[in-house]
Structures are given as C-alpha cells and as structure tokens.
Amino acid sequence: AKNTIELEGYAFTSKAIGNALLSAHQRGVNVKLVLDASKSNEDRREVDYVARRGVPVYLDARHAIFHNKVVLIDDRTLITGSFNFTRAAEEENAENIVILHDQPKLQSAYEDNFREHLSHSERYEGR
C-alpha cells in the first residue's frame, strides 16, 4: 500500500497482520480498521497494540455480528473471503481469500460499505 488500507474485520488477533498495518501507518499510509465490537472484547491484545500506536480503530456495535472480512488497498485492490485476521486462520483453519485488482465498480461498492460502517462505529483508543 502507498496511500490507504481500510480493513473491516470480525476477529483480529494476528500479530503479523497487526505489525504490517502498523508498519504501513508509520510510513504514512492512511490505515483505518472497523472491527466487530463484541468480538473485539474477547481478545483485544492486537487491537490495543495498533490502536495505542496511532492506527485509527473503530468498533461497530450496531449489528448482532459485524462479520465482514475485507481489506481495501489504494482504491484498486480488494481482498475478501472467509479469512478472519487471526493466527488460527493463518495456521489452522480451512479458509478462502479472493484478491481482486482494478475492478472499479466492485471496489467502489466495497468502499461505500466501509464508509457506511465507519460512520456509525465508535473510535477505540485501546486499553
């Protein structure tokens, strides 16, 4: 990523993904996360790690489950699938992931969805 990373996630416990997001943030990429409010309560260690270091994190509590698993990069790359942003997804689970490049209509629809959820989410500063 050179400009933006927007991540929507249900579960977020992956140290590797947290480190990558923090590294992008530190090099000037505009990184934002919208996460499930109730799931984040279970294990916020990684969420706290990035939030306390300045990565904007928002929690969506409007839905029974905020089950989205999406990453939007630089207005041209869309990543989605069943993959939660967890160590278990990386190492243990059967998951799927789709990476699409240069699909402007689809990218725009996902970006609109990200903005909609961001608009009703609460900022989380970390514990």
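Placed above this text is the structure.
Here's a quick rundown of the structure. (Residues numbered from 1 in each chain as written. Predicted model: local features only at pLDDT ≥ 70, side-chain atom pairs only at ≥ 80, totals over all residues. Heavy atoms only, no water.)

On to the overall build of the chain, then. When helices and strands are tallied, the chain shows 5 helices and 7 strands. Along the chain, helices and strands appear, N-terminal first, in the series β-α-β-α-α-β-β-β-α-β-α-β. Relative to the 2.2 N^0.38 estimate, which gives 14 Å for 127 residues, the radius of gyration of the chain is 13 Å and therefore close to what a compact globule would have. When its C-alpha atoms are laid out on the principal axes, the chain stretches across 35 × 35 × 30 Å. For the chain, the share of sequence-separated contacts (at least 6 apart) that also reach a separation of at least 24 residues comes to 72%. (Helix = DSSP H or I, 4+ residues; strand = E, 2+ residues; numbered from the N terminus. Rg over C-alpha atoms; globule rule 2.2 N^0.38 Å. Contact = heavy atoms within 4.5 Å.)

For the pair helix H1 (residues 15–26) and helix H3 (residues 45–52), interaxial distance at closest approach is 10 Å and the crossing angle is 10°. Viewed along their axes, H1 and H3 adopt a mutual orientation that is roughly parallel. In this structure, H1 uses Lys-15, Gly-18, Asn-19 and Leu-22 to contact H3, whose residues at the interface are Glu-46, Tyr-49 and Val-50. By residue class, the composition of the contact of H1 with H3 is 3 nonpolar, 2 polar and 2 charged. (Axes fitted to C-alpha atoms, helices over the stretch in contact; angles between N-to-C directions. Parallel < 35°, antiparallel > 145°, perpendicular 65-115°, else oblique. Nonpolar A, V, L, I, M, F, W, Y, C, P; charged D, E, K, R; others polar.)

Read across the open sheet, the 7 strands follow the order S6-S5-S4-S1-S2-S3-S7; overall the sheet is mixed. In this open sheet, the two strands that pair with only one neighbour each are strand S6 (97–101) and strand S7 (122–124). Neighbour to neighbour, the strand axes of the sheet diverge by 20° on average, direction disregarded. Sheet analysis places strand S4 (residues 70–73) next to strand S5 (residues 77–81), joined by 4 bridges and oriented antiparallel. Along S5, the bridge assignment pairs Val-70 with Thr-80. (Pairing = 2+ DSSP bridges.)

When we look at burial in H3, the residues that qualify are Glu-46, Val-47, Asp-48, Val-50 and Ala-51. Two residues or fewer after H3 comes Gly-54, characterised by a positive phi angle close to 100°. (Buried < 20%, exposed > 50% of the residue type's maximum accessible area, 1.4 Å probe, protein only.)

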